[in-house]
Amino acid sequence: MALATMVASPQAIAAQSQRLDARVVILDASGSMRRNSYPQNEGSRWNEAMALAEEYFDQLEDLGDTVPTEVLIFGAETNFVETLRREQRKPAAQREFNNSAEYPQTGPLCKDIKSVTGGFAAPTSGTFDRLKSYISGLPNGTPGGGMTPQGSAINMALESIIAEHGKGGRYQIAAFSDFEDINCAPPDQTVCEQILPNLNFLADAGGSVEIRILEIPSSNLVFDVLDCVPAKTDSHDPGGDTPQKTIKDFLDTVSVTAKVTSTTPDLLNAGTIDLIGMTFQAYPANSRTLASGGPAQSSLPLSKGVYDFVLTDGQNTWRTKRDVQTDADIVFSIEAGRIELTATANGQPLNQLDALEIIDASGRNLLPGGAAQLNRDFVLMAGTYTVKGSARGVTQTVPVNVRFDDTTTAALDFSRAAAGTTPRSVAIELDVRQPTLDLLPYSPSVVLVDSSGVTKPLTQRQSAVSLDPGNYGITVEGARRHILSFVVPSGVQPVDVRVVVTPGWFEAQAPVAGGSFELQDASGRALAALTGDAVRQSISDGSYILVHIGPDGQRREARMEITTGDFTEVRF
């Protein structure tokens, strides 16, 4: 994910640093950092991390940086391999754990996080000397190789910032790490879920934090935090196919912010399209490797260069390309969703209703008032709504799923007001397609909902049900709800409804030619091996990890959320 080296003036870099109120540097000294990836520096990732850390603090001092800085290190005073061996010598019934995932969160290895500087001070070469002194005081003068309590370390950094500097302000966390998988956390808990309380504490008082990651040589940390905090990541990979990042590149950044333009008028529930719940990401041009990402309402730090920018709300994706050399707004054009509403009674169209409500997921009516004309579309943010109308003494409701840049049709039928209306036989064909990767059970809930909200599960491939004329919906419950609306009219003509349920699918392109893919569940358990430089598969709803193992053995990971009916493009 490295870009071509760009030269920045020391004054520009120093000015960026002085916008900060404090920073915390976190060094990863876990067992994986003992692996050999850098032959030119005695092989180990840890030796490379120390060389980069020395250059980092020298650069800050040369730039006249005075931002109060604290240095944390984790995994230095413990050794996971030795601890596991001691545990395995016990009888099986007496063991507390058999692997890192089972290690108790309150154990010594998970608490092995230390402040090397003992607080905040302006960074100098003396800061690195304190780090070297701490390391030389360890047994054998080298880190032990403990576990990876990355979430706990970030929490400790946030708590130190809050305690020392208050809540308001602009802060930075710089992580030197080869972070792969989270441990020392509750099962299925993400780094974001671990640190969110402290992030909210800062945000409530107007504070903000960003994370800079120097990957040694690669790391998945950016994917674990981009849903909750803006994060910039740079690879320091000697075997990569792009020019090496330097510490000056790591320090010299611009800030980019997502902005939305829209020509959509009369948005019912907001007035403007907001970015809450969306994710903003940046990829170096023509690359599938994430460089920076975070919540869309946050600014992203980036090295200067040309990027493909991506904005997504989980259902829709918008893209644009931009060369950024200074702070910039990245503009996306998005149109709101629309509901095209029709109404009939006994086969005749109605142009006006006695009352109309459009109710959002919180129960709020977006159309308070009386009679409503139906000669216009209703413009909304994406989401699930209930349309409720009254005419000729009858009230009907229908669920509607609205997407950005799309028009959804909804029909209200008031034929029940006609005398002698009788139930109709409706043939419902349910076609549930099975995933191409048949690894986990796939049985999404499909439910028939009538206008009064009464539900009936649909379980058979084809069934005939007796329904009164009126409005109905069929919902498919996955990680996200899908809704199909239909009307049963009065009369004698046949009514047939066909519902096709397609499992979520993903596509991935190998970041480098050759090698293979491995699909894992959210805990890292291998599910399937996939071959080729490109994969396209469907699978049951859930959280997954896709790993690409390059021809040189280097592993790159990407996390993905799969939901019924939706496509996910996987980028490394």
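What you are looking at is a predicted structure, and each value in this text was computed from that prediction instead of being measured. (Residues numbered from 1 in each chain as written. Predicted model: local features only at pLDDT ≥ 70, side-chain atom pairs only at ≥ 80, totals over all residues. Heavy atoms only, no water.)

Remarks on the overall build of the protein
Okay, so step 1: Each helix and strand in the protein was counted, giving eight helices and 38 strands.
Okay, so step 2: For the protein, the residues scored as buried account for 52% of the 572 residues in total.
Okay, so step 3: Here the contacts in the protein between residues at least 6 apart in sequence split such that 68% fall between residues at least 24 apart.
Okay, so step 4: For the protein, the exposed surface amounts to about 24500 Å²; the carbon and sulfur share of it is 48%. (Helix = DSSP H or I, 4+ residues; strand = E, 2+ residues; numbered from the N terminus. Buried < 20%, exposed > 50% of the residue type's maximum accessible area, 1.4 Å probe, protein only. Contact = heavy atoms within 4.5 Å. Areas by Shrake-Rupley, 256 points an atom, 1.4 Å probe, with all protein chains shown as cover.)

Comments concerning the pattern of salt bridges
Okay, so step 1: For the structure on display, the rule yields 19 salt bridges.
Okay, so step 2: Notably, a salt bridge pairs Asp129 with Lys132, separated by 3.9 Å at the nearest N-O pair. Of the two residues, Asp129 and Lys132 both sit in helix α4 (residues 125-136), three residues apart, roughly one turn of that helix.
Okay, so step 3: Measuring nitrogen to oxygen at the nearest pair gives 3.1 Å for the salt bridge that ties Arg498 to Asp431. Here Asp431 lies in strand β25 (residues 424-432) and Arg498 lies in strand β31 (residues 495-501), a separation of 67 residues in the sequence.
Okay, so step 4: Residue Arg498 is classed as partly exposed on the basis of its relative accessible area of 46%. (Salt bridge = Lys/Arg side-chain N within 4 Å of Asp/Glu carboxyl O.)

Focus on helix α2 (residues 45-62)
Okay, so step 1: The terminal C-alpha atoms of α2, which comprises 18 residues, lie 26 Å apart, in line with the 26 Å expected from a rise of 1.5 Å per residue.
Okay, so step 2: Along α2, the residues that are buried comprise Arg45, Trp46, Glu48, Ala49, Met50, Leu52, Ala53, Tyr56, Phe57, Gln59 and Leu60.
Okay, so step 3: Phi turns positive one or two residues past the end of α2, at Gly64, with a value near 70°. (Expected span 1.5 Å × (residues − 1).)

Some words on the side chain of Glu87
Okay, so step 1: The topology assignment puts Glu87 in helix α3 (residues 80-88).
Okay, so step 2: In this structure Glu87 touches Gln94, Arg95, Glu96 and Phe97, once residues within four positions along its chain are discounted.

Some details on the sheet that holds strand β26 (residues 445-450)
Okay, so step 1: Strand order in the open sheet formed by four strands is β27-β26-β29-β30, and the pairing between neighbours is antiparallel. Pairing within the sheet leaves two strands with one partner each, and these edge strands are β27 (455-457) and β30 (481-488). Strand-to-strand twist across the sheet, computed as the mean angle between neighbouring axes with direction ignored, equals 25°.
Okay, so step 2: Sheet analysis places β26 next to strand β29 (residues 470-477), joined by six bridges and oriented antiparallel. Each residue of the ladder has a partner; that of Leu448, found in β29, is Ile474. (Pairing = 2+ DSSP bridges. Axes fitted to C-alpha atoms, helices over the stretch in contact; angles between N-to-C directions.)

Details of the confidence of the model for the protein
Okay, so step 1: Confidence in the prediction for the protein averages 83 pLDDT; 89% of positions are at 70 or higher.
Okay, so step 2: In this model, residues 1-14 is a region of pLDDT below 50 whose contacts with residues beyond four sequence positions or in other chains number 35 contacts. (pLDDT = per-residue confidence, 0-100.)

Some details on unusual backbone geometry
Okay, so step 1: Across the junction of Ile216 and Pro217, the peptide omega takes the value -10°, indicating a cis bond.
Okay, so step 2: With respect to the element layout, Pro217 can be found in the loop between β7 (207-215) and α7 (221-225).
Okay, so step 3: Not every positive phi belongs to a glycine, and Cys184 is a case in point at roughly 60°.
Okay, so step 4: Tracing the backbone through its elements, the reader meets Cys184 in the loop between β6 (169-177) and α6 (191-204).
Okay, so step 5: Phi at Asp405 is positive, roughly 55°, even though this residue is not glycine.
Okay, so step 6: Classification of Asp405 as partly exposed rests on a relative accessible area of 41%.

Observations concerning the sheet that holds strand β37 (residues 555-562)
Okay, so step 1: Reading across from one edge, β34-β33-β36-β37 is the order of the four strands in this open sheet, with antiparallel pairing throughout. For this open sheet the edge positions go to β34 (526-531) and β37, each flanked by a neighbour on one side alone. Strand-to-strand, the axes of this sheet are offset by a mean angle of 25°, without reference to chain direction.
Okay, so step 2: The pairing of strand β36 (residues 542-549) with β37 spans eight bridges and is antiparallel. Looking at the pairing, Val547 lines up with Glu557 of β37.

A few points about the pairing of β26
Okay, so step 1: Sheet topology places β26 next to β27; three bridges connect them, and they run antiparallel. Counted as the bridge partner of Val447 is Pro457 from β27.

Side note on the nonpolar core
Okay, so step 1: Phe280, Phe309 and Leu311 are the most contacted members of the largest nonpolar core, which has 49 residues in total.
Okay, so step 2: When sequence neighbours within four positions are dropped, the list of residues in contact with Phe309 reads Val256, Phe280, Gln281, Ala282, Leu302, Trp318, Arg319, Thr320, Arg322, Val324, Ile330 and Phe332.
Okay, so step 3: In terms of nonpolar packing, the next biggest core, distinct from the first, is built from 36 residues, Ile173, Ile213, Leu221 and Val225 among them. (Core = buried A, V, L, I, M, F, W, Y, C linked by side-chain atoms within 4.5 Å.)

Here's the deal with the state of the cysteines
Okay, so step 1: Tallying each qualifying case throughout the model produces two disulfides.
Okay, so step 2: Covalent S-S linkage joins Cys110 and Cys184, the inter-sulfur distance amounting to 2.0 Å. Between Cys110 and Cys184, the disulfide has an S-S torsion of -85° and is therefore left-handed. With Cys110 in the loop between α3 and β5 (113-115) and Cys184 in the loop between β6 and α6, this pair connects stretches of sequence that are 74 residues apart.
Okay, so step 3: Between the sulfur of Cys192 and that of Cys228 lies a disulfide, 2.1 Å long from S to S. Disulfide Cys192 to Cys228: torsion about the S-S bond roughly -90°, handedness left-handed. Here Cys228 lies in the loop between α7 and β8 (231-235) and Cys192 lies in helix α6, a separation of 36 residues in the sequence. Taken as a pair, Cys192 and Cys228 share a single burial class, namely buried.
Okay, so step 4: For the protein, numbering the cysteines in disulfides from first to last along the sequence yields the connectivity 1-2, 3-4. (Disulfide = S-S within 2.5 Å.)

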